[in-house]
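# Close look at the chain arrangement
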Amino acid sequence: MKVVVYSKDACPYCVKAINLLNTTDLEFDELKLDKHFSREELLEWFPTAKTFPVITLDNMWIGGYNELVEVIEEWKRSD
């Protein structure tokens, strides 16, 4: 599983997502707003995204922090 976290500075849920991922063996990348992508690019890629972080799993948008928690819990159960 490959996770990408699209985050921004001063975002508590972005920090929580990264901290959670650091407790797993999942491979992930963090991409930062205005460093790796623009707001316009993010809205082009994920037009219905309303909040940060935006998280993808194997190139599929799963949602934000709460959805990441669900995916990780399911992954741990199946392991």
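Per the counting criterion, the structure on display carries one disulfide. A disulfide bridge connects Cys 11 with Cys 14, and the sulfur atoms are separated by 2.4 Å. Because the torsion about its S-S bond is 75°, the bridge between Cys 11 and Cys 14 counts as right-handed. A single burial state applies to Cys 11 and to Cys 14, both of which are buried.

Residues of the chain with pLDDT of at least 70 account for 99%, and the chain-wide mean is 95. Model confidence for the chain, summarised as mean pLDDT per element, is weakest for helix H3 (residues 65–78) at 92 and strongest for helix H1 (residues 12–22) at 98.

Once that is clear, we can look at the environment of Val 5. Assignment of secondary structure puts Val 5 in strand S1 (residues 2–7). In contact with Val 5, not counting residues within four places along its chain, are Ile 18, Leu 21, Asp 29, Glu 30, Leu 31, Pro 53, Val 54 and Ile 55.

What counts and what doesn't
Residues numbered from 1 in each chain as written. Predicted model: local features only at pLDDT ≥ 70, side-chain atom pairs only at ≥ 80, totals over all residues. Heavy atoms only, no water. Disulfide = S-S within 2.5 Å. Buried < 20%, exposed > 50% of the residue type's maximum accessible area, 1.4 Å probe, protein only. pLDDT = per-residue confidence, 0-100. Helix = DSSP H or I, 4+ residues; strand = E, 2+ residues; numbered from the N terminus. Contact = heavy atoms within 4.5 Å.

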